[in-house]
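# Notes for the structure review
What follows is the residue order along each chain.
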Amino acid sequence: MMKKRVLSGVQPTGNLHIGNYLGAIRNWVEIQKSYENYFCVVDLHAITVPYNRDTLAENTYTIAGLYLACGIDPQYSTIFVQSHVRAHTELTWILNCVTPINWLEGMIQFKEKAIKQGENVSVGLLDYPVLMAADILLYDADEVPVGEDQKQHLELTRDIAIRVNNLFGSKDNPIFKVPEPLIRKEGARVMSLTDGTKKMSKSDPSDYSRINLLDSPDDIRRKIKRCKTDSIMGLSFSEDRPECNNLLSLYALFTGKSKEEVAAECANMGWGQFKPLLADAIIASLEPIQNRYKEIMKDRGYLDKLLQEGREKAEAVANATLKRVKSAFGFLPL
Ligand code: TYM
């Protein structure tokens, strides 16, 4: 039986945090043997907001290195850099011409990022979800494993695919496969350590709001020690205790214990007893990733070769799809 295909990506905007890990990469690792996988470093997305050109290439290596360190295995998964496969930008242009502008203006992430940025919002930021749709549709992905914040972008991808199929395809001969989101229940929305009602985010100005995959044990202890809590006795998973809910969920995810086990274990604990346990669990999970990462980053030649091979494999699939699309849109063939 043919394996189903997945595609996903992470932006090379600095370090990854445990939200990116639990919401996305850890799940990619878990499912990779049962799927045909394409994981890209989405550097073209990273330039949709003001960025530092001196660190873009290095950050791209970092994300590729972290994919490997987290357990993405090149035997099962193709790792590549988005900007290395030109079909992504070309398909974006074509999709731009069939995507109504008001579909993009309504995107939550666009509105949030645009408000943060004030005056200088680029066309690229508005177009971000179309580039993401191109990433996914080029690979005929069946499923897209992401965190919950990407759900709306995936709905847009589906809408674009359906629109193109209606405009240029037929029922028996659709142009695009309409992909399904793959969003896990646990870990899909890790919250900030300084405000349990906000999502953990790379762009939060305070580094205390997140734990980065490459944070030292001391940093992790310090951040957990300082993180926001409440003053209710005993710890419980409860809707009206956002910080407590988040920290207990992290404890469950990093120890592999079930929610019920954690609820029973922590029911009579205070924060002073719980916080060191949580810090230890996170440190123990991240340590092997950090050690592998250090090894991987020593050998840039290996990374370059891997990304080159990834590009070749990705390009073969992407170019075939682009050819199909251009033919359906009526372009004069090369
Ligand atoms: P990015 O780089 O912002 O996030 C990468 C992945 O991490 C997930 N994530 C979270 N999950 C749980 N809790 C959090 N606090 C949290 N923060 C981030 C995101 O949902 C994402 O899965 N637009 C995408 C990148 C992208 C992409 C694609 C993804 C570009 N093209 C094609 C899938 C398919 C993004 O924002 O990545």
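Quick look at the overall build of the protein chain now. Assigned secondary structure in the protein chain consists of 13 helices and five strands. Since a compact globule built from 334 residues should have a radius of gyration of about 20 Å, the 21 Å found for the protein chain is in line with a globular shape. Burial analysis of the protein chain (334 residues in total) assigns 49% to the buried set. Here the analysis covers contacts within the protein chain between residues at least 6 apart in sequence; of these, 76% occur between residues at least 24 apart. Total accessible area on the protein chain is roughly 16400 Å²; 53% of this is exposed by carbon and sulfur atoms. Of the side-chain charges in the protein chain, 42 are positive and 43 negative, and the distance between the mean point of each set is 1 Å.

Scanning the entire structure with this criterion turns up seven aromatic pairs. Arranged with centres 5.6 Å apart and planes meeting at 40 degrees, the rings of Phe-80 and Tyr-139 form a pair that is tilted. Placement of Phe-80 in strand 3 (residues 77-81) and of Tyr-139 in the loop between helix 7 (123-137) and strand 4 (143-145) is noted, with a sequence separation of 59 residues between them. Owing to a relative accessible area of 0%, Phe-80 belongs among the buried residues under this scheme. Accessibility expressed as a relative area gives 0% for Tyr-139, which makes it buried. Considering the side-chain rings of Trp-271 and Phe-274, the 6.0 Å spacing of their centres and the 70 degrees angle between planes classify their relative orientation as edge-to-face. Of the two residues, Trp-271 and Phe-274 both sit in helix 12 (residues 271-297), three residues apart, roughly one turn of that helix. Assigned by exposure class, Trp-271 and Phe-274 land together as buried. In this structure an aromatic cluster arises from ring pairing among Trp-28, Phe-39 and Tyr-67. Here the guanidinium or amino end of Arg-226 rests over the ring plane of Tyr-208, the centre of that ring lying 3.6 Å away.

All right, on to the site of the ligand then. Taken together, 28 residues sit near the ligand, with Tyr-128, Asp-135, Gly-147, Asp-149 and Val-190 positioned nearest. In this structure, Gly-19 approaches the ligand through a main-chain N or O atom, which is 3.1 Å from a nitrogen atom. Contact between the ligand and Lys-202: an oxygen atom at 3.0 Å from a side-chain N or O atom of the residue. Protein chains bury 97% of the 710 Å² of accessible surface belonging to the ligand in isolation. Of all the elements in the fold, those that place two or more residues in the shell around the ligand are strand 1 (4-10), helix 1 (18-31) and helix 7. A per-class count over the shell around the ligand returns 12 nonpolar, 11 polar and five charged.

As a further point, take helix 1. The terminal C-alpha atoms of helix 1, which comprises 14 residues, lie 18 Å apart, in line with the 20 Å expected from a rise of 1.5 Å per residue. The sharpest bend along helix 1 comes to roughly 35 degrees, located at Ile-25. The buried fraction of helix 1 amounts to 11 of the 14 residues, a majority that puts the element mostly inside the structure. Among all positions of helix 1, only Ile-18, Gly-19, Asn-20, Tyr-21, Leu-22, Gly-23, Ala-24, Ile-25, Asn-27, Trp-28 and Ile-31 are buried.

Of note in this structure, Asp-140 is not a glycine but carries a positive phi near 50 degrees. Within the secondary structure layout, Asp-140 lies in the loop between helix 7 and strand 4.

As a further point, take the pairing of strand 3. Burial runs high along strand 3: five of the five residues are buried. Sheet topology note: the strand 2 (residues 35-41)/strand 3 ladder contains five bridges and is parallel. Bridge pairing in strand 3 links Asn-37 to Ser-77.

What counts, and where the lines are drawn
Residues numbered from 1 in each chain as written. Predicted model: local features only at pLDDT ≥ 70, side-chain atom pairs only at ≥ 80, totals over all residues. Heavy atoms only, no water. Helix = DSSP H or I, 4+ residues; strand = E, 2+ residues; numbered from the N terminus. Rg over C-alpha atoms; globule rule 2.2 N^0.38 Å. Buried < 20%, exposed > 50% of the residue type's maximum accessible area, 1.4 Å probe, protein only. Contact = heavy atoms within 4.5 Å. Areas by Shrake-Rupley, 256 points an atom, 1.4 Å probe, with all protein chains shown as cover. Lys, Arg positive; Asp, Glu negative; His and termini not counted. Charge placed at Lys NZ, Arg CZ, Asp CG, Glu CD. Phe/Tyr/Trp six-rings, centres within 6.5 Å; stacked < 30°, edge-to-face > 60°. Lys NZ or Arg CZ within 6 Å of the ring centre and 35° of its normal. Near = heavy atom within 4 Å. Polar contact = N/O pair within 3.5 Å; in protein donor to acceptor, adjacent residues only side chain to side chain. Nonpolar A, V, L, I, M, F, W, Y, C, P; charged D, E, K, R; others polar. Expected span 1.5 Å × (residues − 1). Bend = angle between axes of the 7 residues up to and from the residue. Pairing = 2+ DSSP bridges.

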